[in-house]
Amino acid sequence: MINRRTIFATVACFAIGLGSGVNHASAQTTWNLPAAYPADNPHTENLVAFAKDVEAATGGKLKVNVHANASLFKAPDIKRAVATGQAQMGEVLLSIHENEDPVFGLDVVPFLATSFPEAMKLYQASKPAIEKKLASQGLMLLFAVPWAPQGVYTKKDLNSAADMKGLKWRAYNVGTSRIGELVGAQPVTIQAAELPQALATGIVDSFMSSGGTGYDTKVWESLTHFYDVQAWIPKNVTFVNKAAFDALDKPTQEAILKAAATAETRGWKAWEDKTSWYVEQLKAKGMKVQPPSATLKDDFKKIGEQLTDDWLKKAGADGKALVDAYKKM
Ligand code: PCA
């Protein structure tokens, strides 16, 4: 039976075949890997190292071109681009896609996993569910890498969440947008590649993110304070179009999987190593870096409880089972 799915799959395979030349065993194949963060961000550096490893291990048969800073596709479009074969591999912040499946947003439930070892446990607990959902979308997970713990950037003192009322709040996913709503700020979703401009033009005057993104966006040119709340550790995931992967010969597939495992280890280490360096850089640039006050901390705990409830409601029994499994680890 020819249905829309069949046509879609045929078109996708055709596009992959044309774009990559996978059908020509002897020729060099070039794949594209759209990514959304700057070239000197540890995520992107890790992707470039991954591409190099793949190229070396395949004797130059498979070349992967990493496109940094959302230059090939905007962050929210990367996953679909890879699923439809417009690109063969891609990297995104998993929680951008929480609306497709709550499991994509588990790592941004506030205060569930706030250290790297906890984040790794949460990743292990949720990995099978993430892989399953991605597989249903024609994608195969290659590796996941964390950012640094998330804090709040502003240009004024925050003594409590009440001081966040009216802020022009930059959000990057469902959770950060909801936090903006809960504190009475004005949330606007802006991905990292557009954040420097949004800060420079005053479209936003506050956001939550890592020291890494603060550094990438030269946040000190517009804002003055960083509250190191350490609320959660989001992850980027790198995946491959499954049909494109399946069309490769076995040694090439193995080279990719091996390079992916190496990239995962290298990426976690890079962020652990660089987290305090980033915070130091913010200080060196003159930002007031401080832990949240007891009141602000309490307020964030309450916001966190609300977001946890929201998530558990969305994720149902399966979600609760994941959280329970994680807590037992
Ligand atoms: N940086 C990305 C996502 C999380 C982070 O630390 C951003 O702010 O868009």
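Here's what I pulled together on the structure shown here. Keep in mind it's a predicted model, so treat the numbers as computed, not measured.

**Some details on the layout of surface pockets**
- Considered as a void within the structure, the second largest pocket measures approximately 230 Å³ in volume.
- Forming the boundary of the second largest pocket are Asp101, Pro102, Val103, Ala129, Lys132, Lys133, Ser136, Trp311, Ala315, Asp318, Gly319 and Leu322.
- Among the elements that take part in the lining of the second largest pocket, helix α10 (residues 294–328) stands out by supplying five residues, more than any other.
- Looking at side-chain class alone, the lining of the second largest pocket contains six nonpolar, two polar and four charged residues.

**Considerations on the environment of Met89**
- Mapped onto the elements, Met89 comes out in strand β3 (residues 89–93).
- A residue is classified by how much of its surface remains accessible, and Met89, at 0% relative accessible area, is buried.
- C-alpha separation for the pair Met89 and Val64, spaced 25 residues apart in sequence, amounts to 8.5 Å.
- The residues touching Met89, leaving out its near neighbours within four places in the chain, are Trp31, Asn32, Leu33, Pro34, Phe50, Val64, Val82, Leu142, Phe239, Val240 and Ile256.

**A word on empty space enclosed by the protein**
- Counting across every chain of the model gives two cavities of 30 Å³ or more.
- Size it by volume and the largest cavity reaches roughly 80 Å³.
- Lining of the largest cavity is provided by Tyr37, Leu93, Trp147, Gln150, Arg170, Tyr172, Gln191, Ala192, Ser209, Thr213 and Pro234.
- Residue composition of the lining of the largest cavity, grouped by class: six nonpolar, four polar and one charged.
- Of the volumes computed, that of the second largest cavity is approximately 30 Å³.
- Every residue along the wall of the second largest cavity is listed here: Leu94, Val103, Phe104, Gly105, Leu106, Asp107, Ser126, Ile130 and Lys235.
- A per-class count over the lining of the second largest cavity returns five nonpolar, two polar and two charged.

**Digging into the site of the ligand**
- Around the ligand, the structure places Leu93, Trp147, Gln150, Arg170, Tyr172, Ala192, Ser209, Ser210, Thr213 and Pro234.
- The separation between an oxygen atom of the ligand and a polar side-chain atom of Ser209 is 2.7 Å.
- Contact between the ligand and Ser210: an oxygen atom at 2.6 Å from a side-chain N or O atom of the residue.
- Expressed as a share of its isolated accessible area of 260 Å², the protein-covered part of the ligand is 100%.
- When grouped by side-chain class, the residues that make up the shell around the ligand number five nonpolar, four polar and one charged.

**So, the sheet that holds strand β8 (residues 206–209)**
- Strands sit in the order β7-β6-β8-β5-β9-β11 across an open sheet of six strands; the sheet is mixed. The outermost strands of the open sheet, each flanked by one partner alone, are β7 (186–189) and β11 (288–290). Between one strand and the next, the sheet's axes are offset by a mean angle of 25°, whatever the strand orientation.
- One ladder, built from three bridges, connects strand β5 (residues 151–154) with strand β9 (residues 225–227); its direction is antiparallel. Each bridged residue has a counterpart across the sheet, and for Val152 the counterpart in β9 is Tyr227.
- Against the sheet, helix α5 (residues 174–182) contacts β6 (168–171), β7 and β8, and its axis sits at roughly 160° relative to β6.

Parameters and conventions
Residues numbered from 1 in each chain as written. Predicted model: local features only at pLDDT ≥ 70, side-chain atom pairs only at ≥ 80, totals over all residues. Heavy atoms only, no water. 1 Å grid on protein atoms, 1.4 Å probe; cavity = no way out; pocket = protein on both sides within 12 Å on 5 of 7 lines; lining within 4 Å. Points joined across faces, edges and corners; volume = space filled by probe spheres on them. Helix = DSSP H or I, 4+ residues; strand = E, 2+ residues; numbered from the N terminus. Nonpolar A, V, L, I, M, F, W, Y, C, P; charged D, E, K, R; others polar. Buried < 20%, exposed > 50% of the residue type's maximum accessible area, 1.4 Å probe, protein only. Contact = heavy atoms within 4.5 Å. Near = heavy atom within 4 Å. Polar contact = N/O pair within 3.5 Å; in protein donor to acceptor, adjacent residues only side chain to side chain. Areas by Shrake-Rupley, 256 points an atom, 1.4 Å probe, with all protein chains shown as cover. Pairing = 2+ DSSP bridges. Axes fitted to C-alpha atoms, helices over the stretch in contact; angles between N-to-C directions.

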